[in-house]
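Letter by letter, the chains look like this.
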Amino acid sequence: MRIKTLSYTNSSTGWTLKSLTLDKLSLLVGASGVGKTRILKSILDLKKISKGASLNGVMWFVEFSTTSGNDYRWQGEFENKGFSAGNIFDREYDDEDEKEKPKINNEELFINNELIIKRDNKGIVFNGAKTVKLSQNESVISLLKEEDQIKDIYNDFNRIIFDNNAGNMSSLRHFAFDDEIDEKLEKYKSIDSIRSCNEDIKLKLYFAYKNQQKSFNEITQSFIDVFPYVEEVKVEPLARNEKGIPIFLRQMPFIQIKEKGIENWIDETKISSGMLRTLMHISELYLCADSSLILIDEFENSLGINCIDELTSSIVSADRDLQFIITSHHPYIINNIDYSHWKLVARKAGAVIAHDVSEFNFDKSKHKAFTQLINLDIYSEGVDA
C-alpha cells in the first residue's frame, strides 16, 4: 500500500500528529524525543485497527492507495474511556475485555472519493444499506474484510512491515521451532508465493534458499558486496553433532556464512549484529510483497558505515513498488538521501508537526542543505514555533 496523508490523535494521552504528507521515500529527521518513532507507531496502530484492535481515545485520518489501483480515505474515532494506568501505553483489549473495549463513535470509508461506508452510534451503512448489528469495537475494515470492496484494503494493511531491530538482536539469533516447516517449503515454491506469504523474513530467506536459488544468489551477492571477505551464505540446519544444540532445534534452518580463508562455517548466533541486520535488510528488499510499506526506525543502529552506504543506496534506488518511511539521526544517511525526501519533525506541546522541506529554502547542494538543516533551531531544539 502507499500512504499519502496521515493525521492521528490519542485523546487519552494528549498526543497528536498533525496532517503529514508522505512520499515513496520519506526520511523523518529532527531532535531526539520529538515523535519520529511515534509516527511510525501510529501507522502500526492503523494496521492493528484494520485487524480489529480497539485503541482507547484514538482518532485517525488516512489517505492511501492499494495494489488494486484505487484511492481510499479512511477516518474514524474510538471513544475515550479516560486516562488510567491501564491505558497509559495505548492498551489493546483482548476478547476477555469485551465490556471494557472502547467503542467506535464514528467511521467513514471513501473509495475514489465515493462514500462507501458510514458509521455512527446508530449502526453501519454499507453501499447505502444498513448492515446487521455488528461489533461496535472493531473497525469496518476488520468486520467487512470478506467483502470484495474491502478485501484489498485488509490485505494491503498486512504489507506494512516494521523494522525496529535496533539494540534487540536476540529475535534474529535463532528460528523458533516450526513443526510445519516442511509443509511450508512445499507451499512456497515460487518467488511470488514467497513474497506474498506472511512468514518471518528469515523463513522467507530459507524458502528462497531451497526453492528460488537465483533470488537467493542475488541476495547473497548484495551481501558480499558489503562484506567482501564473505564467500558463501547458506540457510540450513546446524550439524547434528553441534554441541549445546537441543535436538528439536537441530532440524531448524540457521543462517550460516563462510569467510575467505576460514574452514568452518559461522552460524547466526556468532555473526555480528551489523552483518546479520544488513542481511535481513537486503532480504526484506528482495522478499517482501510487492507494494509493501516498510517502516525502519533508527536505520543506522547496529550498522557500520560500509553497511549504511550500501543499504542507503539500495533503498534510494529500489526499483520495486515499495514505500519507505525511515527515521535517522545519522549524518551520512541524512546527507545521502536527497533533501526533497526529508520531513523535519518538531513538537509544540503534545502536537507533532512534520514540515516539508519546501518550507525552508534549502540549497540544491546536498552538503549545503545538510549544513542548513543542522543549523536550524527547529532541528536542534525540536520545538515548533
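Residues numbered from 1 in each chain as written. Predicted model: local features only at pLDDT ≥ 70, side-chain atom pairs only at ≥ 80, totals over all residues. Heavy atoms only, no water.

Draft legend 1. Focus on a negative patch on the surface. A contiguous patch of negative charge, built from Asp179, Glu180, Asp182 and Glu183, is present on the exposed surface. Position of Asp182 among the secondary structure elements: in helix H4 (residues 181-187). (Patch = residues over 30% accessible without salt bridge, like charges linked within 9 Å, V, L, I, M, F, W, Y side chains within 5 Å. Areas by Shrake-Rupley, 256 points an atom, 1.4 Å probe, with all protein chains shown as cover. Salt bridge = Lys/Arg side-chain N within 4 Å of Asp/Glu carboxyl O. Lys, Arg positive; Asp, Glu negative; His and termini not counted. Charge placed at Lys NZ, Arg CZ, Asp CG, Glu CD. Helix = DSSP H or I, 4+ residues; strand = E, 2+ residues; numbered from the N terminus.)

Draft legend 2. Geometry of the pairing of strand E6 (residues 104-111). Burial within E6 is extensive, with six of its eight residues counted as buried. With seven bridges joining them, strand E5 (residues 71-78) and E6 adopt antiparallel strand pairing. Note on E6: the bridge partner recorded for Glu77 is Asn106. Sheet topology places E6 next to strand E7 (residues 114-120); five bridges connect them, and they run antiparallel. Within E7, the residue paired with Leu109 across the bridge is Ile117. Taking the residues between adjacent antiparallel strands as the criterion, E6 and E7 are bridged by two residues, where Asn112 takes a positive phi near 50°. (Buried < 20%, exposed > 50% of the residue type's maximum accessible area, 1.4 Å probe, protein only. Pairing = 2+ DSSP bridges.)

Draft legend 3. Layout of helix H6 (residues 201-211). A large share of H6 lies buried, amounting to nine of its eleven residues. Of the positions making up H6, those classed as buried are Ile201, Lys202, Leu203, Lys204, Leu205, Tyr206, Phe207, Ala208 and Tyr209. The elements touched by buried residues of H6 are H4, helix H5 (191-196), helix H7 (213-226), strand E11 (230-237), strand E12 (253-259) and helix H8 (273-287). (Contact = heavy atoms within 4.5 Å.)

Draft legend 4. Focus on the nonpolar core. Counting 66 residues, the largest nonpolar core has Leu205, Phe223 and Trp342 as its most contacted members. Apart from residues lying up to four places away in sequence, Phe223 is in contact with Val230, Val233, Ile257, Met275, Thr278, Leu279 and Ile282. In terms of nonpolar packing, the next biggest core, distinct from the first, is built from 46 residues, Leu20, Val58, Leu293 and Ala354 among them. (Core = buried A, V, L, I, M, F, W, Y, C linked by side-chain atoms within 4.5 Å.)

Draft legend 5. The sheet that holds E11, seen in detail. The strand order across the open sheet built from three strands is E11-E12-E13, with neighbouring strands paired in antiparallel fashion. The open sheet has two edge strands, E11 and strand E13 (266-267), and neither has a second partner. As paired elements, E12 and E13 share two bridges and run antiparallel to each other. Across the sheet, Gln256 pairs through a bridge with Asp267, a residue of E13. Where H6 meets the sheet, it contacts E11 and E12, and its direction lies at approximately 100° from that of E11. Along the sheet, H7 makes contact with E11 and E12, crossing E11 at roughly 135°. (Axes fitted to C-alpha atoms, helices over the stretch in contact; angles between N-to-C directions.)

Draft legend 6. How the structure looks around the packing of H6 against H7. For the pair H6 and H7, the least separation of the axes is 6 Å and the interaxial angle reads 120°. Considering the angle they form, H6 stands oblique to H7. Regarding H6 and H7, the two cross each other, and that crossing is left-handed. Counted together, Leu205, Ala208, Tyr209 and Asn211 of H6 and Gln213, Phe216 and Ile219 of H7 form the full contact between these two elements. For the contact of H6 with H7, the per-class residue count stands at five nonpolar, two polar and no charged. (Parallel < 35°, antiparallel > 145°, perpendicular 65-115°, else oblique. Left-handed = near helix turned anticlockwise from the far one by under 90°. Nonpolar A, V, L, I, M, F, W, Y, C, P; charged D, E, K, R; others polar.)

Draft legend 7. Focus on the packing of H6 against H8. Relative orientation of the contacting elements H6 and H8 amounts to 70°, with a least axis distance of 10 Å. Classified by the interaxial angle, the pair formed by H6 and H8 is roughly perpendicular. The crossing of H6 and H8 is left-handed. Together, Ile201, Lys202, Lys204, Leu205 and Ala208 of H6 and Leu279, Met280, Ser283, Glu284 and Leu287 of H8 make up the contact between the two elements. Looking at the contact of H6 with H8 residue by residue, the classes come out as six nonpolar, one polar and three charged.

Draft legend 8. The packing of aromatic side chains, seen in detail. Throughout the structure, instances matching the rule amount to 15 aromatic pairs. Geometrically, the ring pair formed by Tyr206 and Phe207 is tilted, given 6.4 Å between the ring centres and 45° between the ring planes. Comparing Tyr206 with Phe207, the two get one shared label, buried. Seen in terms of ring centroids, Tyr339 and Trp342 are 6.2 Å apart; in terms of plane orientation they differ by 65°. Their pairing is edge-to-face. Given the relative accessible area of 18%, Tyr339 is considered buried. Since its relative accessible area comes to 1%, Trp342 is described here as buried. Taken together, the ring pairs in this structure connect Trp60, Phe64, Tyr72, Trp74, Phe78 and Phe157 into an aromatic cluster. One Lys or Arg, Arg73, reaches over the ring of Phe110 and ends 3.9 Å from the middle of that ring. In this structure, Lys145 packs its charged tip against the face of Tyr154, placed 5.6 Å from the ring centre. (Phe/Tyr/Trp six-rings, centres within 6.5 Å; stacked < 30°, edge-to-face > 60°. Lys NZ or Arg CZ within 6 Å of the ring centre and 35° of its normal.)

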